[in-house]
Amino acid sequence: MDWGTELWDQYDVIEKHTQSGLDLVEKYVKFVKERTEIEQNYAKQLRNLTKKYSPKRGSKEEQECRFSNHQSFLDILNEMNDYAGQRELIAENMMMNICIELTKYLQELKLERKTHLSDCKKAQQSLESTYKQLDNSKKRFEREWREAEKATQYAEKTDQDIEREWRRSHFVAKQQAHMRTHIAEECKNDYAAQLQRYNKEQNQFYFTDMPLMFNKLQDMDERRVGKLAQTYILFADTEKHVMPIIGKCLEGITRAGTNVNEKNDSLVLIEQHKSGFERPGDLEFEDYSQGINRASSDSSLGTPKGPLDLLGKNKSKPFWLFSKKSKPSSSPLTPYSTPPAPSPTNGPPSPKFGRDPLSYCLKEINKTVKPRISSFRTLRRTPAATEDFGHLPPEQRRKRLQQKIDDMSKELQKELDQSEALGKMKDVYEKNPQMGDPTSLAPQINQTTLNIERLRGDLNKYESWLAGAGGRGESLRYSTHSLNNNTGNSVYSPDGAHSDESTPDASQAIYAEFDDDFEEEELSAPIGQCTALYNFPGSSEGTIAMQEGEILAVVEEDKGDGWTRVRRDNGDEGYIPTSYANITLNK
């Protein structure tokens, strides 16, 4: 069944139906455009959201990314950013494959429909023109035939008149009637020809031309419906194609949640902020009522009892526990007082107090006790950064120095490789002058040589600082500066050895209250072995990665901080969590 046969007389219906179909295509294009705008706005808002919550470069949040929960949040932001990209891809594909294609196709359909309707109107106008000619010939035939009848009747009437003068009129009327009859016959023949022509054109119009036009419009409309159906499917397929990638983004978000390791975060915090200090010991009782002699307290913090209450203004002043400003001065005493001579703890006071024993006692109490005043508030204060990282705690200082040495070693290796390459290039130029001038490489060679010398000097400097800071994992104990009867300052090293240095080297000093002499770290022999119980990524600075079941040599046991130092057969060393391995020490 087709429109040309079944709807041959429904031209207006077909015209309205095809126009309605084109309007639907245009409406669908607008719908998809608005959908793409929604997708683009959604993607833009997602990107702005991820940008808003992403840490800025060099910010505190970026430094906290070593924690798994912070890193997982960054992974979620990255996945959301990729998700926004997929929404943008959906909008772009819909715009390209649906909106633009349908818009072009719609213009072609409008032009085709206009052509078909124009052909229908032309055929209709041609048929109407033929009908007008038929109607004119018919009216002329009717008019001429009536005139011929009148002429014939008049001729018959004059034929009955016997008078002579009427006979002449009869002859004229008869000729007139004969002429009118002839004209009426010609009009009749013309009318018959026009009628035959019209019937032929009408038959051509209704059985050939119009059915052909209607069938073309039907084919156009069916193609439009098919194209629209394809775009309906494409509307869904466009989103289906990116669903696997969107699924991967969502899987990445789930994986980020499963990657959070609260225990490892705690270990990372310890590794990042562990100072290496030992806890302060108990203060010893100092009996000032029996004399000046006092027993020095090693590794002591806090506020002494008794005579400290007499310090008034000194007690109220803030004290920088890890600042060199708090280091007791080694300058000689005032002329009004001299150091006390050694005496037993409960013995009588020495006669060498000078003029004012009370003044001397107060000054000595001030100088001895002031460096030991501490609080958590002063512990949080950060001194100015120095080149040798002396402002950091011992453990962190060693890590930063080692990192600096590693970076400088890499840079030195690059300079050495460049120097070797320049030397080879110079040899080639000397052997083949046509390839280049050897003297043109002199500035680069000189600059590379200067860089190598500078890096080696800096490397030696940082290595000396690292050696002075002690081996990694070595525990440090700070000592208070106590004033004996004969000396101004006394420094006690971690191993208990006494040091008489009053002014340590600034490049190797970590804190004013700590000893600056450390034993140089040497390659120690294994003290046991361990078997990894779990996988450990070793992503933190100073750690080493290990796989479950891997056997490693133990070179330093856990000192109570939860970390054990191990070594592989290839010489790689690092720290692992003690709880992640089964450790067996040599007897």
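Residues numbered from 1 in each chain as written. Predicted model: local features only at pLDDT ≥ 70, side-chain atom pairs only at ≥ 80, totals over all residues. Heavy atoms only, no water.

K.L.:
Account for the environment of Ala 193, with residues named and values stated.
P.N.:
Checked against the element boundaries, Ala 193 lands in helix α5 (residues 164-258). Sequence separation between Ala 193 and Leu 134 is 59 residues; the distance between their C-alpha atoms is 8.6 Å. (Helix = DSSP H or I, 4+ residues; strand = E, 2+ residues; numbered from the N terminus.)

K.L.:
I'd like a rundown of helix α6 (residues 262-273), residues and numbers included.
P.N.:
Think of an α-helix as 3.6 residues a turn; residues three or four steps apart then line up on the same face. Taking 1.5 Å as the rise per residue, α6 with 12 residues should run 16 Å; its terminal C-alpha atoms sit 17 Å apart, in good agreement. Among the residues of α6, those classed as buried are Asn 264, Asp 265, Leu 267, Val 268 and Glu 271. The arc enclosing the buried residues of α6, seen along the axis, measures out at 160°, which places them on a common side. Facing away from the buried surface of α6 by more than 90 degrees, the exposed residues are Glu 262, Lys 263 and His 273. Structurally, the start of α6 carries an N-cap: the backbone nitrogen of Lys 263 is 3.1 Å from a side-chain oxygen of Asn 261. (Expected span 1.5 Å × (residues − 1). Buried < 20%, exposed > 50% of the residue type's maximum accessible area, 1.4 Å probe, protein only. Arc of directions from axis to C-beta. Polar contact = N/O pair within 3.5 Å; in protein donor to acceptor, adjacent residues only side chain to side chain.)

K.L.:
How would you explain the pairing of strand β5 (residues 563-567) if you had to name every residue and give the values?
P.N.:
Along β5, 5 of the 5 residues are buried, which leaves the element largely enclosed by surrounding structure. Examined bridge by bridge, strand β4 (residues 551-556) and β5 share 3 bridges and lie antiparallel to one another. Opposite Val 554, over in β5, you have Val 566 as the bridge partner. Turn length for the β4-β5 hairpin, with the two strands adjacent in sequence and antiparallel, is 6 residues, and the turn residue Gly 560 shows positive phi of about 105°. Pairing geometry for β5 and strand β6 (residues 573-577), over 5 bridges, is antiparallel. Paired with Arg 567 across the bridge in β6 is Glu 573. (Pairing = 2+ DSSP bridges.)

K.L.:
So, the nonpolar core: which residues are in play, and what are the values?
P.N.:
In terms of nonpolar packing, the biggest core is built from 39 residues, with Tyr 28, Val 32, Ile 98, Leu 102, Phe 214 and Leu 217 touching the most fellow members. The dominant element in this core, judged by the number of residues it contributes, is helix α4 (residues 68-159), at 16 residues. Each residue touching Leu 102, except ones within four places of it in the same chain, is listed here: Val 25, Tyr 28, Val 29, Lys 227, Leu 228 and Thr 231. The next biggest cluster of nonpolar side chains, apart from the first, holds 14 residues, and it includes Trp 563, Tyr 575, Tyr 580 and Ala 581. (Core = buried A, V, L, I, M, F, W, Y, C linked by side-chain atoms within 4.5 Å. Contact = heavy atoms within 4.5 Å.)

K.L.:
Go over the packing of helix α10 (residues 394-431) against helix α11 (residues 442-468), please, and point to the residues and values.
P.N.:
α11 packs onto α10 with a crossing angle of 160° between their chain directions and a minimal axis gap of 9 Å. Put simply, α10 runs roughly antiparallel to α11. Crossing of α10 against α11: the hand is left-handed. Classifying every residue of the contact of α10 with α11 by side-chain character gives 13 nonpolar, 7 polar and 10 charged. (Axes fitted to C-alpha atoms, helices over the stretch in contact; angles between N-to-C directions. Parallel < 35°, antiparallel > 145°, perpendicular 65-115°, else oblique. Left-handed = near helix turned anticlockwise from the far one by under 90°. Nonpolar A, V, L, I, M, F, W, Y, C, P; charged D, E, K, R; others polar.)

K.L.:
Describe a nonpolar patch on the surface, naming the residues involved and giving the relevant values.
P.N.:
A cluster of nonpolar side chains, Leu 24, Tyr 232 and Ile 233, forms an exposed patch at the surface whose accessible area comes to about 280 Å². The residue Tyr 232 is located in helix α5 in this model. Tyr 232 gets classed as partly exposed once you look at its relative accessible area, which sits at 40%. (Patch = residues over 30% accessible without salt bridge, like charges linked within 9 Å, V, L, I, M, F, W, Y side chains within 5 Å. Areas by Shrake-Rupley, 256 points an atom, 1.4 Å probe, with all protein chains shown as cover. Salt bridge = Lys/Arg side-chain N within 4 Å of Asp/Glu carboxyl O.)

K.L.:
Lay out the packing of aromatic side chains with the relevant residues and their values.
P.N.:
One pair of aromatic rings is described through two measures. These are the centre distance and the angle between the planes. The full count for this structure, using the stated rule, is 14 aromatic pairs. Aromatic side chains Trp 8 and Tyr 206 sit 5.7 Å apart centroid to centroid with 85° between the ring planes, which places their arrangement in the edge-to-face category. Within this pair, whereas Trp 8 is found in the loop between α1 (3-6) and α2 (11-53), its partner Tyr 206 is found in helix α5, the two being separated by 198 residues in sequence. Look at Trp 8 and you get partly exposed, because its relative accessible area is 45%. Considering the side-chain rings of Tyr 534 and Tyr 580, the 5.6 Å spacing of their centres and the 75° angle between planes classify their relative orientation as edge-to-face. With Tyr 534 in the loop between β3 (528-532) and β4 and Tyr 580 in the loop between β6 and β7 (581-585), this residue pair connects regions lying 46 residues apart in the sequence. Pairwise contacts between aromatic rings join Tyr 28, Phe 31, Tyr 232 and Phe 235 into one cluster. Above the face of the Tyr 105 ring, Lys 227 is positioned so that its terminal group lies 5.8 Å from the ring centre. (Phe/Tyr/Trp six-rings, centres within 6.5 Å; stacked < 30°, edge-to-face > 60°. Lys NZ or Arg CZ within 6 Å of the ring centre and 35° of its normal.)

As far as function goes, none of this settles anything; it's purely spatial.
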